[in-house]
Amino acid sequence: MEDTIFGKITRGEIPTEFVYEDEHCVAINDIHPQAPVHVLVIPRKPIAKLSDAADEDQALLGHLMLAVGKITRQLGISDAFRLVVNNGAGSGQTVFHLHLHILAGREFDEATLARGIQG
Ligand code: AMP
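The sections below set out a description of the structure shown in this document. Everything numeric here is computed off the predicted structure, so don't read it as measured data.

For the rest of this paragraph, the subject is the overall build of the protein. Broken down by element type, the protein carries two helices and five strands. Scanning the protein from its N terminus toward the C terminus, one meets helices and strands in the order α-β-β-β-α-β-β. By the compact-globule yardstick of 14 Å for 119 residues, the protein fits well, its C-alpha radius of gyration being 14 Å. By principal-axis analysis of the C-alpha atoms, the protein measures approximately 35 × 30 × 25 Å.

Written as structure tokens, this is what we have:
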């Protein structure tokens, strides 16, 4: 896959404050937040989109989910957040390096689910 801005961020080539980091992923504040808390969890391994993940990525995908738990507890939002993954340009994905959006601090309900991060 082509390199992206998230590749440069995860490799430390663009100085960015990490909300969280470990050996497999980093978390950063979204530059255009759609909620009072809008954090992106980005694996260090570049995978263009979720549907490109392979069987060998099973542990990494589980790791990202557990990282979401740690990050949301760290931020004090573990009781109420929305997790969004855009997959493909038609879904609104603009950066083709897998990332998870954590959104919190505003109202979310079923009616807004289809609107994802803009909900
Ligand atoms: P997506 O539309 O799912 O690909 O999400 C990409 C997200 O990355 C958008 O919410 C952007 O606001 C965010 N974004 C793009 N560049 C940066 C950056 N340099 N630092 C932080 N967030 C960024």
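What follows concerns helix α2 (residues 58-75). Helix length check: α2, at 18 residues, gives a terminal C-alpha distance of 26 Å against a target of 26 Å (1.5 Å per residue), a fit within 8%. Residues of α2 that are buried: Leu 64, Ala 67, Val 68, Ile 71 and Thr 72. The arc that holds every buried residue of α2, seen down its axis, measures 130°, which confines them to one face. Structural note: α2 exposes Gln 58, Ala 59, Gly 62, Leu 66, Gly 69 and Arg 73 on the side pointing more than 90 degrees away from its buried face. The secondary structure elements touched by the buried residues of α2 are β1 (20-21), β2 (25-29), β3 (37-43), β4 (82-84) and β5 (100-104). Just beyond α2, the residue with positive phi is Gly 76, at close to 75°.

An order of β1-β2-β3-β5-β4 is seen for the five strands of this open sheet, with the pairing classed as antiparallel. With partners counted over all chains shown, the strands left at the sheet margins are β1 and β4, one partner each. In this structure, β2 lies alongside β3, joined through five bridges in antiparallel fashion. By the bridge assignment, Val 26 is partnered in β3 with Ile 42. Packing against the sheet, α2 makes contact with β1, β2, β3, β4 and β5, and its axis sits at approximately 150° to β3.

Burial within β3 is extensive, with six of its seven residues counted as buried. Here five bridges tie β3 to β5, and the two strands are oriented antiparallel to one another. Opposite Val 39, over in β5, you have Ile 102 as the bridge partner.

This brings us to the environment of Ala 35. Within the secondary structure layout, Ala 35 lies in the loop between β2 and β3. Judged by C-beta crowding, with 21 C-beta atoms within 10 Å, Ala 35 ranks as buried. As for Ala 35 and Pro 15, which are separated by 20 residues in sequence, their C-alpha atoms are 23 Å apart.

Moving on, we come to the nonpolar core. Of all hydrophobic cores here, the largest spans 19 residues; its most connected members are Cys 25, Ala 27, Val 39, Val 41, Val 68, Ile 71 and Ile 102. Mapped onto this core, the elements with two or more residues apiece are α1 (5-10), β2, β3, α2 and β5. Those residues within four positions of Ile 71 in sequence are excluded, and the remaining contacts are Val 19, Tyr 20, Ala 27, Val 39, Val 41 and Ile 102.

Each value, and the rule that gives it
Residues numbered from 1 in each chain as written. Predicted model: local features only at pLDDT ≥ 70, side-chain atom pairs only at ≥ 80, totals over all residues. Helix = DSSP H or I, 4+ residues; strand = E, 2+ residues; numbered from the N terminus. Rg over C-alpha atoms; globule rule 2.2 N^0.38 Å. Expected span 1.5 Å × (residues − 1). Buried ≥ 20, exposed ≤ 12 C-beta atoms within 10 Å, placed from the backbone. Arc of directions from axis to C-beta. Contact = placed C-beta atoms within 7 Å. Pairing = 2+ DSSP bridges. Axes fitted to C-alpha atoms, helices over the stretch in contact; angles between N-to-C directions. Core = buried A, V, L, I, M, F, W, Y, C linked by C-beta atoms within 7 Å.

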